[in-house]
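Residues per chain are reported as follows:
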Amino acid sequence: MLISLFIYLFYRTEKTVITELFISIISFDTFIELQKSIINTLPLNERLIYSLPEGLWVFCITLTSKDLFLKVGIHEINLLFIPLIFSIGLELFQLLHLTNGRFDFWDIGFSVLFWAMALYLVRFKSARQNILNPFTSRSLICLLSYLIVFLAHVWK
């Protein structure tokens with residue numbers, strides 16, 4: 001997530017929530033100088049700037065969603081698939097111009113790749129748990145991971 005934060009802060013628009021918060025702490029002029037220095041020192045490919053952060057987010061949230069479920073009545077919803085549905089859904093909303101951003105097949109590709117990596121390459125076993133009952137620190141971490149998406153939101 002720190003790599004995504006770094007990319008959002010210094011390579012994406014300064015209109016994201018996280019960048020605006022950062023600018024309010026250090027000042028716009030200081031931010032611009034720091035941004036120019038970083039971009040000149042470490043130029044990044046457009047795919048890394050625009051698709052990698054979403055892939056990394058999907059990777060992290062998939063890991064926090066493993067073995068969690070949401071019980072709705074008599075049905076259990078496996079949260080493992082929610083990161084993939086969420087990321088593809090956001091892309092479709094961008095395609096339909098229902099939210100800010102630009103639809104990109106690369107974003108979907110990165111999301112699917114990183115979701116599969118988290119699912120199949122990172123092995124750990126934890127007890128199955130309802131995310132809300134009991135509400136635990138694991139539940140909180142999972143929900144906060146979804147809220148991180150808000151920090152990347154661009155205000156018009």
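Note that the structure is predicted; figures quoted are calculated from it, not measured.

### A few points about the overall build of the protein chain
What the protein chain contains, in helices and strands, is eight helices and three strands. Secondary structure elements of the protein chain occur, N-terminal to C-terminal, as α-α-α-α-α-β-β-α-α-β-α. With the C-alpha coordinates of the protein chain rotated into their principal frame, the extents come out at 55 × 30 × 30 Å. Every one of the 156 residues in the protein chain was classed for burial, and the buried ones make up 35%.

### Observations regarding the layout of surface pockets
In this structure, the second largest pocket occupies an estimated 220 Å³ of space. Lining the second largest pocket are Lys66, Asp67, Leu68, Phe69, Asn78, Leu80, Leu119, Val122, Arg123, Phe124, Lys125 and Arg128.

### Observations regarding helix H5 (residues 52-65)
Helix length check: H5 (14 residues) gives 20 Å between terminal C-alpha atoms against 20 Å at 1.5 Å per residue, within 8%. Summarising burial for H5: 11 of the 14 residues are buried, a large majority. If you check which residues of H5 are buried, you get Leu52, Pro53, Glu54, Gly55, Leu56, Trp57, Val58, Phe59, Ile61, Thr62 and Ser65. Just past H5, the residue Asp67 takes up positive phi, approximately 65°.

### Re the side chain of Ser4
Within the fold, Ser4 resides in helix H1 (residues 2-10). The contact partners of Ser4, leaving out residues within four places of it in the chain, are Pro53 and Leu56.

### Focus on a nonpolar patch on the surface
Together, Leu132, Phe135, Leu140, Leu143, Leu144 and Leu147 make up a nonpolar patch on the protein surface, roughly 560 Å² of accessible area in all. Here Leu132 lies in the loop between strand E3 (129-130) and helix H8 (137-151).

Rules used in this analysis
- Residues numbered from 1 in each chain as written.
- Predicted model: local features only at pLDDT ≥ 70, side-chain atom pairs only at ≥ 80, totals over all residues.
- Heavy atoms only, no water.
- Helix = DSSP H or I, 4+ residues; strand = E, 2+ residues; numbered from the N terminus.
- Buried < 20%, exposed > 50% of the residue type's maximum accessible area, 1.4 Å probe, protein only.
- 1 Å grid on protein atoms, 1.4 Å probe; cavity = no way out; pocket = protein on both sides within 12 Å on 5 of 7 lines; lining within 4 Å.
- Points joined across faces, edges and corners; volume = space filled by probe spheres on them.
- Expected span 1.5 Å × (residues − 1).
- Contact = heavy atoms within 4.5 Å.
- Patch = residues over 30% accessible without salt bridge, like charges linked within 9 Å, V, L, I, M, F, W, Y side chains within 5 Å.
- Areas by Shrake-Rupley, 256 points an atom, 1.4 Å probe, with all protein chains shown as cover.
- Salt bridge = Lys/Arg side-chain N within 4 Å of Asp/Glu carboxyl O.

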